[in-house]
Amino acid sequence: MAAKNDKVADAKKRKRTNTEPHKSPSKPKVTKFVPSKKLKPHSDDKEKKTIPLTGRERRINAKELADSRKKKRRRHFTLEQDLARLWEKMRRHEIAKADRSKLVTEALTKMKGKIHEIAGSHITSRVLQTCVKHCSQAERDEVFEELRPHFLTLAYNAYAVHLVKKMLDNASKKQLAGFISTLRGHVAPLLRHMVGSVVVEHAYELASTAQKQELVLELYSTELQLFKDLVTAKETRLLDVMSKLGLQKGAVSRHMSSVIQPILEKGIVDHSILHRVLLEYFTIADKSSVTDIIQQLSSPLLVRMIGTKDGAKIGVLCLKYGSAKERKKIIKGLKGHVGKTAFHQYGCMVLVSIFSVVDDTKLITKVIIRELQSVLKELVLDKNGRRPLLQLLHPNCSRYFSPDELTSMNSSIPSLSLKDQSEPSSQTETSKVSIDDNDSKEDIEVKVPEVNEDKTSEDDTDLAESGKKDPFVRRQELLINSGLGESLLDVCIENVGELIQSNFGKEVIYEVATGGFGGILHPTLDDKINSLHKAITSLAAVPKSEDSQEEHVFENFFSSRTIRKLILDCPEFASVLWEEALKGKTELWAHGHSCKIISAYLESSDSKVQKLAKKELQPLIDNGILKNPKSKEQATQ
């Protein structure tokens, strides 16, 4: 029995031992992490590969990648980099002239034969501009000759255009003439291009009168674009050109419209050549065409035009012939630019026109006068800034406005002027007479003043053409109701010494002290006007001192003449000045510039003023110190 049990035990033991090899494949599952220990060095390699780069390394890699791409895309990339390094040296201010010349010569040598290819790059175009500025004349001529066949192509490039302008600035008369001749037939397309128009305008500014005419003529008609030298320099006006060549008005008008409209639609209105063309177009265009252009320009676009002489004339015409809605747009477009416009040589005339023709005085007060009041002293002392103020104080005065300025304010558009609108009706016999008949022309001219008879005053004959409001009432609302007149008086009183002794301020002082044309400031501001008289008198009452460095108002060139005019034209001021500053002191002031002030009392047309001084001045006349004004009048007669 025991032996049997031992056999069974041995069999079980063998079975266990036999089954152990079958369990061996499962052992790696238990020890699966052991091989991972052997793979640990490989995981360290992965960590090394994924270490993040520093910022500097990333920038270097990105630059290398960008440079490799640029080399494939741009032929002259390496040359551009070399030129950029030279440029960094040559453009320094502290560099010696000889060293800069060497660098410029080196750069031009490297670029030779490739200038037109690299001129369109934003880097090399700057290098070329510096080279052209500092190179010798011979080198500059070589660059010009190399670029000559490619000027038109470069004129359309946003970067190369600056090089073209620099070349024109340094061009000789012969070179400039050659460049203008290359523009022939391409002026209109260039003007329609935002970049190309800059080149045409630059050439137009540098050109002579004959060359300007050459550029403008091809915009008038197809014939003048195709054929050269059809007209001479004498025919400067479009009407003269049409008369000489026998061009049809309708054909010229259509051609000019096809040139002008695309330019206006793109908003390219800054250039003086376009302003001249527009003015000429207004002389021949029909009513509907002119009205359309005025509608297009009656916006903030006009602010960009009034910086030129012809542009300001267009601004005046738009104000004269625009509707109330269009005038409102123009005035609102000036918001924020009023101060700058007032100080501008030509822009100030647009403000003068606004004060003369626009009836919406509340809008003018809100937009324009409020801005002017913030810089009132500067305006009074400025040659151009004082003109809008003087237009309100004394409209269209030839003392303050040149004949050319008065002509521009009174200019008109033939198709929109009142002369055309005032033609006799068809019921009368004169209406059947042809326009070419001289008699019919006379009839029209006679009837124009009758249309304006109830609107105009002596000084505002033509400017009231576009305004329904009485000019005096308009001036009153702009000066008195807006508070501008009071502010002006305050500025004059506070700065009386500075203004009366200045070339331009003295004219405003004179107009304000006399109350303005037609007594516009009376009686509302009489108290302040009297205060201004006293302020001037207090300066005049200061004793004469030889040691004083400041010039006395009686001896100053400008102030002495202003005070003399005030004595002649303002009896109230004359009496105050006599009582407080001159009485008993006339002999002291009877020499130099001040003697004109003393003589003004004898020349005054007011008998009361003459009586004030006659008794005291007669001994000076008898002694030959003063000249008798009556003897002067007899001598002139």
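This report concerns the structure included in the present document. Predicted model, so just to flag it, every value in this text is computed and none were measured.

### Quick look at the overall build of the protein
- Helix and strand content of the protein: 40 helices and zero strands.
- Across the 637 residues that make up the protein, the buried fraction comes to 44%.
- Taking the contacts inside the protein whose residues are at least 6 apart along the sequence as the reference set, 70% of them involve residues at least 24 apart.
- Approximately 34,900 Å² of the protein is accessible, and the part contributed by carbon and sulfur atoms is 52%.

### Overview of a nonpolar patch on the surface
- A grouping of Leu226, Phe227 and Leu230 is seen on the molecular surface, where their side chains present a nonpolar patch of about 310 Å² in accessible area.
- Within the secondary structure layout, Phe227 lies in the loop between helix H16 (222-226) and helix H17 (238-245).

### Topic: the nonpolar core
- By size, the foremost hydrophobic cluster in this structure holds 172 residues, and its most contacted members are Ile354, Ile368, Ile563, Ile567, Leu577 and Tyr601.
- Apart from the residues lying within four places of it in its own chain, the contact partners of Leu577 are Thr537, Ala540, Phe554, Ile563, Ile567, Leu582 and Tyr601.

### Here's the deal with the packing of helix H32 (residues 484-494) against helix H35 (residues 526-540)
- Contact geometry of H32 with H35 gives a least axis separation of 9 Å together with a crossing angle of 15°. In this view, H32 runs roughly parallel relative to H35, as classed from their interaxial angle. The crossing of H32 and H35 is left-handed. Residue-level contacts link Glu486, Leu489, Asp490, Cys492 and Ile493 of H32 to Lys528, Ile529, Ser531 and Leu532 of H35.
- Partitioning the contact of H32 with H35 into residue classes produces five nonpolar, one polar and three charged.

### Some words on the packing of aromatic side chains
- Enumeration over the complete set of coordinates arrives at five aromatic pairs.
- Consider the rings of Phe554 and Trp589, whose centres lie 5.0 Å apart with planes at 85°: the pair is edge-to-face. In this pair, Phe554 is assigned in the loop between H35 and helix H36 (557-569) and Trp589 in the loop between helix H37 (571-582) and helix H38 (594-603), connecting sequence segments 35 residues apart.
- Classification of Phe554 by relative accessible area gives buried; the value is 1%.
- A connected cluster of aromatic rings, assembled from ring pairs, spans Phe144, Phe151 and Phe179.

### Observations regarding a positive patch on the surface
- Taken together, the side chains of Lys328, Lys332, Lys335 and Lys366 make up a positively charged region of the molecular surface.
- Counting through the fold element by element, Lys332 comes out in helix H22 (residues 324-333).
- The class of Lys332 is partly exposed, set by a relative accessible area of 48%.

### Overview of the packing of helix H21 (residues 309-321) against helix H24 (residues 347-357)
- Where H21 meets H24, the closest approach of the two axes is 9 Å, and the angle between their N-to-C directions is 15°. Overall, the two elements H21 and H24 adopt an arrangement that is roughly parallel. Where H21 crosses over H24, the handedness of that crossing is right-handed. Of the residues in H24, those touching H21 at Ala312, Val316, Leu319 and Lys320 are Met349, Val350, Ser353, Ile354 and Val357.
- Here the contact of H21 with H24 is composed, by residue class, of seven nonpolar, one polar and one charged.

Rules and cut-offs
Residues numbered from 1 in each chain as written. Predicted model: local features only at pLDDT ≥ 70, side-chain atom pairs only at ≥ 80, totals over all residues. Heavy atoms only, no water. Helix = DSSP H or I, 4+ residues; strand = E, 2+ residues; numbered from the N terminus. Buried < 20%, exposed > 50% of the residue type's maximum accessible area, 1.4 Å probe, protein only. Contact = heavy atoms within 4.5 Å. Areas by Shrake-Rupley, 256 points an atom, 1.4 Å probe, with all protein chains shown as cover. Patch = residues over 30% accessible without salt bridge, like charges linked within 9 Å, V, L, I, M, F, W, Y side chains within 5 Å. Salt bridge = Lys/Arg side-chain N within 4 Å of Asp/Glu carboxyl O. Core = buried A, V, L, I, M, F, W, Y, C linked by side-chain atoms within 4.5 Å. Axes fitted to C-alpha atoms, helices over the stretch in contact; angles between N-to-C directions. Parallel < 35°, antiparallel > 145°, perpendicular 65-115°, else oblique. Left-handed = near helix turned anticlockwise from the far one by under 90°. Nonpolar A, V, L, I, M, F, W, Y, C, P; charged D, E, K, R; others polar. Phe/Tyr/Trp six-rings, centres within 6.5 Å; stacked < 30°, edge-to-face > 60°. Lys, Arg positive; Asp, Glu negative; His and termini not counted. Charge placed at Lys NZ, Arg CZ, Asp CG, Glu CD.

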